[in-house]
Amino acid sequence: MKKEKIIYPTLKTEYIKDMDSNMPWNEYPRPSMVRDSFICLNGKWDYATAKEGDAPEYKDKILVPFPPESLLSGIERLVSEGHMMHYKRSFTIPEGFNKGRVILHFGAVDTICQVFLNGKELGGHEGGYLPFSFDITESLTEGENQLYVIVKDELDLNYPYGKQTKNRGGMWYTPVSGIWQSVWLESVPESYVVKLKATPTMNSVNIKVLGGEEHKKITLESGEVFEFDGNEATITPKEIHHWSPESPYLYYFTLECGEDKVESYFALREIGVKEICGIPRLTLNGMPYLFNGLLDQGYYPDGIFLPATSKGYEDDILRMKSCGFNMLRKHIKVEPEIFYHLCDKHGMVVFQDMVNNSDYSWIIDTALPTIGFKRLPILFRHNCKKSREIFEEHMYGTLDHLHFFPSVLYYTVFNEGWGQFSADEMYAKAKAFDPTRIYDATSGWFWRRHSDVDSRHVYFKEVKIGKKDGRPIVISEFGGYSHRVKGHLFGENEYGYGGFETVEEYENALVRLYGEEIKPLISKGICALVYTQVSDVEDETNGLLTYDRQILKANPERIKALMDSLAEEIK
């Protein structure tokens with residue numbers, strides 16, 4: 001792989017102008033558990049690549065937390081095959097910051113890393129999508145501390161990789177490497193809360209507290225106080241407000257545990273399945289609900305895996321809500337906590353995918369199912385013991401990491417056969433780990449026996465229900481209409497599922513699709529819809545938004561009126 005800069009047409013989002021170029025993403029990165037202790041280590045780090053075993057020569061500065069392939073990183077080039085990434089920076093601990101222990105946090109690093117402080121190895125981490133941390137108290141020195149991170153990313157298919165590929169094009173995108181989420185410090189007392197786990201019902205919430213002193217006190221924003229001993233308590237607020245996209249009510253609270261004090265929140269809500277008038281329906285808070293959303297890849301032209309500021313996430317959420325959508329299917333990517341918090345806050349349901357690993361076959365996984373061969377035996381595919389173990393470990397890690405967020409209501413285990421193995425067993429394991437969510441075991445095709453939903457992908461042909469299997473019907477991907485907006489394109493290639501030259505043709509096609517194909521089927525059993533997709537991504541020009549987020553391709557008022565009419569069909 002070549003080292004020179006990536007030569008792509010330069011697309012930028014408007015969020016760059018509000019980005020702090022000295023310390024981007026300088027906001028508290030963990031909304032699930034907030035302390036008054038925070039030092040952001042984002043900014044310009046010394047950066048070099050070198051062959052494994054060779055000493056690095058630090059000639060570049062990289063802007064963390066953006067991956068080196070991105071424009072915003074200041075590097076803007078791929079990592080050469082067989083090379084390691086080397087990151088280095090110094091920091092000092094302000095007087096009065098250390099309350100007893102100091103924790104170093106990484107939001108995500110792709111893929112395999114080792115972390116050193118002042119010449120001492122703190123430890124390592126494998127997998128590019130989940131957070132990890134180290135207690136660095138014993139490794140700190142007075143004055144300047146030297147932090148050093150080595151990262152290896154060969155796009156080893158044993159590890160989750162999503163849409164990344166070394167040869168990008170079509171529905172596969174530019175790979176990312178290294179640090180791509182915030183690096184930060186916090187200080188905690190000797191005995192401290194490590195994790196909060198909130199499990200809601202419609203009228204109460206179970207709070208589990210990992211770590212900290214025996215006695216705990218929770219004070220709601222309303223002034224209600226709940227005290228308990230041990231690791232968990234069930235809380236029932238005096239006033240019950242259910243969370244939904246229409247009314248995203250959050251209960252904010254403070255947890256005091258010995259010398260430790262954290263701020264957090266929960267919501268009251270419940271997703272389920274209920275047969276109504278002979279039709280299996282997905283329900284929200286006990287009532288039938290149409291989850292009407294879009295595929296959300298989470299890519300940006302300037303930061304690739306990360307927008308220049310969190311407003312990039314927030315605007316995507318709010319603009320899709322303005323079009324009448326109430327759900328995003330986060331497609332084979334796990335985002336920073338801030339994304340999920342914004343969905344909680346603004347009332348956007350998240351259908352979350354597990355991130356695929358193992359190999360992909362265009363013929364088996366895409367071509368044959370698209371023309372109708374959707375029940376091919378895949379018993380002998382993806383038999384690598386290591387990749388299976390890594391997928392399962394990452395699945396559990398994702399379930400544990402995202403359990404807190406009330407907007408996350410639904411998980412996809414395998415998408416279109418990508419890396420699929422033992423789907424019934426993986427469904428059972430996920431469901432046992434967190435039984436409070438809906439699970440789509442095999443999204444699109446290659447269905448096995450067990451799944452909470454009947455999940456279908458429909459491209460290139462009319463959306464129909466056909467044969468039912470007694471489960472709620474989810475059209476988990478469809479549409480994907482392409483409209484290219486000049487001046488807002490990544491390149492010359494076009495990838496989508498039907499192209500339209502003018503904005504009028506494009507908008508009218510959307511209205512026909514939803515009004516003539518989808519709407520009549522809702523009363524017959526469709527419970528959720530995932531249109532492809534939120535934005536263009538590189539060659540894909542099938543987004544409602546252009547890749548640079550500058551242009552919304554359809555009239556939001558017209559689209560919202562149509563979406564509102566769909567919701568009425570399920571009542």
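### With respect to the packing of aromatic side chains
Move 1: All chains considered together, the criterion is met by 46 aromatic pairs.
Move 2: Seen in terms of ring centroids, Tyr300 and Tyr313 are 5.9 Å apart; in terms of plane orientation they differ by 80°. Their pairing is edge-to-face. Taken together, the residues Tyr300 in the loop between strand S23 (291–296) and helix H1 (311–322) and Tyr313 in helix H1 connect sequence positions 13 residues apart. Taken as a pair, Tyr300 and Tyr313 share a single burial class, namely buried.
Move 3: Summarising the aromatic geometry, the rings of Phe460 and Tyr497 are spaced 5.2 Å apart at their centres and angled 75° between planes, so their arrangement reads as edge-to-face. Pair noted here: Phe460 is in the loop between strand S28 (454–458) and strand S29 (473–479) and Tyr497 is in the loop between S29 and helix H6 (503–522), with a separation of 37 residues, a long-range link.
Move 4: Look at Tyr497 and you get buried, because its relative accessible area is 15%.
Move 5: Counting every residue linked through ring pairs, the aromatic cluster contains Trp25, Tyr252, Tyr265, Tyr300, Tyr313, Phe339, Tyr340, Phe404 and Phe405.

### Digging into the pairing of strand S2 (residues 43–51)
Sheet faces and side chains relate simply in a regular strand, where the side chains alternate between the two faces.
Move 1: Both S2 and strand S3 (residues 60–64) contribute to a ladder of 5 bridges, which runs antiparallel. Within the sheet, the bridge partner assigned to Tyr47 lies in S3 and is Asp60.
Move 2: Sheet analysis places S2 next to strand S4 (residues 83–92), joined by 6 bridges and oriented antiparallel. Bridge assignment links Ala50 to a residue of S4, and that residue is Met84.

### Describing the sheet that holds strand S7 (residues 112–117)
Move 1: Strand order in the open sheet formed by 6 strands is S3-S2-S4-S10-S7-S8, and the pairing between neighbours is antiparallel. Looking along the sheet, the strands with just one partner apiece sit at the ends: S3 and strand S8 (120–126). The mean angle between the axes of side-by-side strands here comes to 30°, regardless of whether they run parallel or antiparallel.

### Quick word on the nonpolar core
Move 1: Counting residues in hydrophobic clusters, the biggest one holds 125 residues, and the most contacted among them are Ile207, Phe266, Phe291 and Tyr514.
Move 2: The leading source of residues in this core is H6, at 8 residues.
Move 3: Setting aside its immediate chain neighbours within four residues, Tyr514 contacts Asn292, Phe325, Phe478, Lys519, Leu529, Tyr531, Leu562, Met563 and Leu566.
Move 4: Core analysis: the second largest hydrophobic core is formed by 30 residues, Tyr47, Val64, Val102 and Val151 among them.

### Quick notes on the pattern of salt bridges
Move 1: Under the criterion given, the structure shown has 34 salt bridges.
Move 2: Put simply, Glu52 and Lys152 hold a salt bridge, and the shortest N to O gap is 3.7 Å. Placement of the pair is Glu52 in the loop between S2 and S3 and Lys152 in strand S10 (residues 144–152), with a sequence separation of 100 residues.
Move 3: For Glu52, a relative accessible area of 52% translates into the label exposed.
Move 4: Residue Asp296 is joined to Lys330 by a salt bridge in which the shortest nitrogen-to-oxygen separation is 3.0 Å. Of this pair, Asp296 sits in strand S23 while Lys330 sits in strand S24 (residues 327–330), and the two are 34 residues apart along the sequence. Note on accessibility: Asp296 and Lys330 belong to one class, buried.

### Considerations on a negative patch on the surface
Move 1: Residues Glu214, Glu227, Asp229 and Glu256 make up a contiguous surface patch of negative charge.
Move 2: Among the structural elements, Glu214 can be located in the loop between strand S14 (205–211) and strand S15 (215–220).

What counts, and at which threshold
- Residues numbered from 1 in each chain as written.
- Predicted model: local features only at pLDDT ≥ 70, side-chain atom pairs only at ≥ 80, totals over all residues.
- Heavy atoms only, no water.
- Phe/Tyr/Trp six-rings, centres within 6.5 Å; stacked < 30°, edge-to-face > 60°.
- Helix = DSSP H or I, 4+ residues; strand = E, 2+ residues; numbered from the N terminus.
- Buried < 20%, exposed > 50% of the residue type's maximum accessible area, 1.4 Å probe, protein only.
- Pairing = 2+ DSSP bridges.
- Axes fitted to C-alpha atoms, helices over the stretch in contact; angles between N-to-C directions.
- Core = buried A, V, L, I, M, F, W, Y, C linked by side-chain atoms within 4.5 Å.
- Contact = heavy atoms within 4.5 Å.
- Salt bridge = Lys/Arg side-chain N within 4 Å of Asp/Glu carboxyl O.
- Patch = residues over 30% accessible without salt bridge, like charges linked within 9 Å, V, L, I, M, F, W, Y side chains within 5 Å.
- Areas by Shrake-Rupley, 256 points an atom, 1.4 Å probe, with all protein chains shown as cover.
- Lys, Arg positive; Asp, Glu negative; His and termini not counted.
- Charge placed at Lys NZ, Arg CZ, Asp CG, Glu CD.

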